[in-house]
Amino acid sequence: MPSLLRVVLWKEIIDLLRDRRTLVATLFMPLVGLPLLALITGAAVSQETIVIHVIVEDPNNETISFADSFYQQYIDELNKYSLSYTIVMTNDSNLSGVQVAIIFPVGFSQNMTRLDGTARVYVSVLLGSPAAERAAQIARMVLSSMEYQMIIQRVENLSSIAGIQVDPYSLLNPIAIYSASHKPGGQAATSKEVGVASSARLLEFALFFVANPAIFYMIDSFMGEKERRTIESLLATPIPRRTLVAGKLLSSVIVGLIVAFGDFAGVMIYFYLTYSAGLVFTPGLVIVHVVTSLLLVILTASMALPIAIRAGSVRAAQGMALVMTLIAMSIYFTALVVDITSLSLTSRAIFESIPLTHAVLVIHYYILGETMRSLLHILVMGAFAVAFYIIGTALVNDEKLVMFRD
Amino acid sequence: MGEIIVEVRNLTKKIGKKPILHNINLTVERGSIHAVLGPNGAGKTTLLRTILGIYSYESGKVMVLGYKMPEQRSIVNKLISYLPEDAQPYERLTGYENLFYYALIYSGGIRETAEKMVELGIKLSNLGDAIYEKTGTYSKGMKRRLLLARTLMCKPKLAVLDEPTSGVDVVSSHKLRQILKEAVKNGTTILLSGHNILEIENIATHVSFINNGTIVAEGSTEQVKRSFSVANLEEAFLKAVGAT
């Protein structure tokens, strides 16, 4: 490494690492804050006590028996989901103070026991209570299961009346649906491969947290120096501009990487704590993600370079960086819910004209086993990074860097 | 006249559409302390930045140490150093590290040469043990002394100092002037700007009065005083700008 580049790098790294508040804000907060958030959310959910009333308005014994059976099954299911609740069975229809009410109205048994009757059950949820929504969902699930048993019973009764032999399960399920996944070549995908693909989508979304910090470090390296009044004397020293730019870019990348991996770890811990399906990683996916992240940090720092040099002030630069961040967020959020490669040609061309998209495509094609395409997008990212570095270096203008203008 | 270090001929400079410098002519001789004096907004900083090649210009000619500016700036920057008016040290670096960073740049990354420069810088700044503390803890006077030492430790052929004593107390100002005189003895030519004429009269050997972007008088301090038949530079300046 040329000695002057080492000099700039030495100073920049010291300067950035000693900026403890910024480091804490960008590294510590996501690394500790996100897992903490997941734990707090989990703890809060488990501590929220839901008041549930099973209201039996129909005095008929059959209704009471059905409601009692529902009550027992419902408690079993609620316990499986580790929800905190109080539940009572009552004939009092007053819903005040109740979050979830399962109401068996008058006439329930009459309709239930008739072959052509529809017995009604009301599940009422208190407005604006997510925990109550979850408890109500479980109630519906238990009721559906009981309903299915009743249907089977009715079919058996009907077949008995008709004097024919019928398998009620086949009668009720004339089509059996089996789900499977396959790869682009047509080969069947294993359940592990499905898990890895699902985890990869989360990794693609998590790229946002990797991309973000380098932008702000890059901007600070020029605009921060300008506003702290340290850049003007530096511009009169013998340091070549490309060395200065390269030194600042490299230091932003190094510190950006440290922070990015901290942020990424925080996001992953958050997903582990909150994503119920679990995450599946392979060594290959981890390596691809690390390489993509490294390139993405270099790419975003390079993209921020022209802004850092020409924005004029920290505030203007931060405004532009915010736009960049929003673009990054849109791309990585889109990647979570949409397969970018399946979009129309025009939409895809728009996405691919944004350099940040190629990080998603590197991971996407790797998961599909299309290594060459994955490598191609790595090269595209590298080419964009070099192009932005060249543009950034060409944009260095000492007059604009020292002048404060609107 | 001695060897010419800075030669500015018919310089015109605009910022945006606004003309800032009009047909400026300026000559700085080797070994002199040449002060560009004028009120706030007269164009002093713009003139210095243009001489240094930080600013481009519309017309005229700027030569520094025989090199054309800004075209040959990369050569000139190795031979000169600059202290801007509102410069600050890197506050998260110690005074020593601030000196070392610039010393490494001026030495081309050669550690031994840089360490010698820093040795001189520490001596010139006279900050004692505070040199090993982060400069964020320094007073304004201490920062200015450190920056002046940083500017002069590389023994430049030309040091350009924009308002070197601005905002510092009387004692610090006196120390800074001592440092400048010492630097001249070591072969550095100094081009500085200021608006405190009485203070600068103590050290300047040559002056140029600038007002509204135009040089209104130039010469050795004695010549200028004689030409206006006055006892001090302040009176000369007032006469030069027609304020009396």
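Keep in mind that this is a model prediction, so the values were computed, not measured.

### Focus on the packing of aromatic side chains
In this description, a pair of aromatic rings is defined by centroid distance and the angle of the planes. All told, the structure shown has 15 aromatic pairs over all chains when counted by the stated rule. Measuring from centroid to centroid gives 6.0 Å for F66 of chain A and F104 of chain A, while their planes differ by 70 degrees, and the two rings are edge-to-face. Of the two residues, F66 of chain A sits in helix α3 (residues 61–80) while F104 of chain A sits in strand β3 (residues 100–104), which places them 38 residues apart along the sequence. F104 of chain A carries the same exposure label as F66 of chain A, and that label is buried. Consider the rings of F205 of chain A and F333 of chain A, whose centres lie 6.2 Å apart with planes at 70 degrees: the pair is edge-to-face. Taken together, the residues F205 of chain A in helix α7 (residues 191–227) and F333 of chain A in helix α11 (residues 314–337) connect sequence positions 128 residues apart. Grouping aromatic residues by their ring pairs yields a cluster made of W10 of chain A together with Y90, Y96, F100, Y101, Y102 and Y132 of chain B. The ring of F222 of chain A has K248 of chain A lying over it, and the distance from NZ or CZ to the ring centre is 5.4 Å.

### Here's the deal with the interface of chain B and chain A
Each partner contributes to the interface: chain B provides 32 residues, whereas chain A provides 28 residues. Both faces combined, the contact of chain B with chain A buries some 2900 Å², and carbon together with sulfur accounts for 59% of it. Between R92 of chain B and D15 of chain A there is a salt bridge; the shortest N-O distance is 3.2 Å. Remark: the boundary between chain B and chain A carries 18 residue pairs in polar contact (both at pLDDT 80 or more). Among the secondary structure elements, those contributing two or more residues to the side of chain B that touches chain A are β1 (4–15), β6 (80–83) and α3 (95–106) of chain B. No other element matches the seven residues that α3 of chain B contributes to the side of chain B that touches chain A. Within the side of chain B that touches chain A, the residues separate by chemical class into 16 nonpolar, seven polar and nine charged.

### Side note on the pairing of β3 of chain A
Residue and element names in this part refer to chain A. Counting buried positions along β3 yields five of five residues, so the element is predominantly enclosed. Burial along β3 is two-sided: the residues V100, I102 and F104 and A101 and I103 are all buried. Summarising the sheet, strand β1 (residues 49–56) and β3 pair through five bridges and their orientation is parallel. Within β3, the position partnered with V54 by the bridge is I102. Here β3 pairs with strand β4 (residues 122–125) via four bridges, running antiparallel. Of the residues in β4, the one forming a bridge with I102 is V123.

### Thoughts on a nonpolar patch on the surface
Residue and element names in this part refer to chain A. Among the surface-exposed residues, V24, F28, M29, V32, L36, L39, I40, I269, Y272 and L273 lie close enough to one another that they form a single nonpolar patch of about 910 Å² accessible area. Breaking the nonpolar patch down by element, the ones donating at least two residues are α2 (20–47) and α9 (241–274). The greatest single-element share of the nonpolar patch, amounting to seven residues, is contributed by α2. Relative to the elements of secondary structure, M29 occurs in helix α2. Classification of M29 as partly exposed rests on a relative accessible area of 49%.

### Considerations on the nonpolar core
Among the nonpolar cores identified, the biggest contains 123 residues, and F222, L296 and Y332 of chain A together with L47, I51 and V64 of chain B are the most heavily contacted of them. In terms of residue count, the dominant contributor to this core is α7 of chain A (16 residues). The next biggest cluster of nonpolar side chains, apart from the first, holds 35 residues, and it includes L124, I190, F209 and F237 of chain B.

### Focus: the sheet that holds strand β10 (residues 214–220) of chain B
Residue and element names in this part refer to chain B. Read across the open sheet, the six strands follow the order β6-β7-β8-β3-β9-β10; overall the sheet is mixed. In this open sheet, the two strands that pair with only one neighbour each are β6 and β10. Across this sheet, the average inter-strand angle for adjacent strands is 15 degrees, counted without regard to direction. Where strand β7 (residues 158–162) and strand β8 (residues 189–194) come together, five bridges link them in parallel fashion. Considered in β8, the bridge of V160 is made with L191. Sheet contacts for helix α6 (residues 170–185): β3 (33–37), β7 and β8; angle to β8, the most-contacted strand, approximately 150 degrees.

### Brief notes about the environment of R9 of chain B
Residue and element names in this part refer to chain B. Inspection of the secondary structure assignment puts R9 in strand β1. Sequence separation between R9 and I24 is 15 residues, and the spatial gap between their C-alpha atoms is 6.3 Å. Beyond its immediate chain neighbours, meaning those up to four positions away, R9 contacts I24, N25, L26, T27, G60 and K61.

### Quick notes on the domain arrangement of chain A
When its domains are assigned, chain A resolves into domain 1 (3–38 + 189–402) and domain 2 (48–172). Taking the mean C-alpha position of each, domain 1 of chain A and domain 2 of chain A sit 52 Å from one another.

### Section: the sheet that holds β3 of chain A
Residues and elements named next belong to chain A. Taken in spatial order, the four strands make up an open sheet running β2-β1-β3-β4, and their pairing is mixed. The two strands at the open ends of the sheet, each matched to only one other strand, are β2 (84–90) and β4. Across the sheet, the axes of successive neighbouring strands diverge by a mean angle of 15 degrees, strand direction being ignored. In the packing of helix α5 (residues 130–162) onto the sheet, contacts are made with β1, β3 and β4, and the angle to β4 comes to roughly 170 degrees.

### Comments concerning the environment of G43 of chain B
Residues and elements named next belong to chain B. Tracing the backbone shows G43 in the loop between β3 and α1 (44–52). Taking the C-alpha atoms as reference points, G43 and N211, 168 residues apart in sequence, are found 7.5 Å from one another. In this structure G43 touches I20, L21 and I210, once residues within four positions along its chain are discounted.

### Quick notes on α6 of chain B
Residue and element names in this part refer to chain B. Between its terminal C-alpha atoms α6 stretches 23 Å, which fits the 22 Å expected from 16 residues at 1.5 Å a residue. Those residues of α6 hidden inside the fold are in contact with β3, α4 (111–125), α5 (140–152), β7, β8 and α7 (197–201). Immediately beyond the C-terminal end of α6, within one or two residues, lies G187, with a positive phi of roughly 100 degrees.

### Things to note about the packing of helix α12 (residues 345–353) of chain A against helix α13 (residues 357–367) of chain A
Helices that pack against each other are described as a pair by the angle of their axes relative to one another and the distance between those axes. Residues and elements named next belong to chain A. Two elements in contact, α12 and α13, have axes whose closest approach is 7 Å; the angle formed by their N-to-C orientations is 110 degrees. By the angle between their directions, the pair α12 and α13 is classed as roughly perpendicular. Between α12 and α13, the contacting residues are R348, F351 and E352 on the first element and T357, H358, L361 and Y365 on the second. Each residue belonging to the contact of α12 with α13 can be placed in one class, and the counts come to three nonpolar, two polar and two charged.

Rules and cut-offs
- Residues numbered from 1 in each chain as written.
- Chains lettered and ligands numbered in written order.
- Predicted model: local features only at pLDDT ≥ 70, side-chain atom pairs only at ≥ 80, totals over all residues.
- Heavy atoms only, no water.
- Phe/Tyr/Trp six-rings, centres within 6.5 Å; stacked < 30°, edge-to-face > 60°.
- Helix = DSSP H or I, 4+ residues; strand = E, 2+ residues; numbered from the N terminus.
- Buried < 20%, exposed > 50% of the residue type's maximum accessible area, 1.4 Å probe, protein only.
- Lys NZ or Arg CZ within 6 Å of the ring centre and 35° of its normal.
- Contact = heavy atoms within 4.5 Å.
- Buried area = accessible area lost by both parts, 1.4 Å probe.
- Salt bridge = Lys/Arg side-chain N within 4 Å of Asp/Glu carboxyl O.
- Polar contact = N/O pair within 3.5 Å; in protein donor to acceptor, adjacent residues only side chain to side chain.
- Nonpolar A, V, L, I, M, F, W, Y, C, P; charged D, E, K, R; others polar.
- Pairing = 2+ DSSP bridges.
- Patch = residues over 30% accessible without salt bridge, like charges linked within 9 Å, V, L, I, M, F, W, Y side chains within 5 Å.
- Areas by Shrake-Rupley, 256 points an atom, 1.4 Å probe, with all protein chains shown as cover.
- Core = buried A, V, L, I, M, F, W, Y, C linked by side-chain atoms within 4.5 Å.
- Axes fitted to C-alpha atoms, helices over the stretch in contact; angles between N-to-C directions.
- Domains from an automatic or database assignment.
- Expected span 1.5 Å × (residues − 1).
- Parallel < 35°, antiparallel > 145°, perpendicular 65-115°, else oblique.

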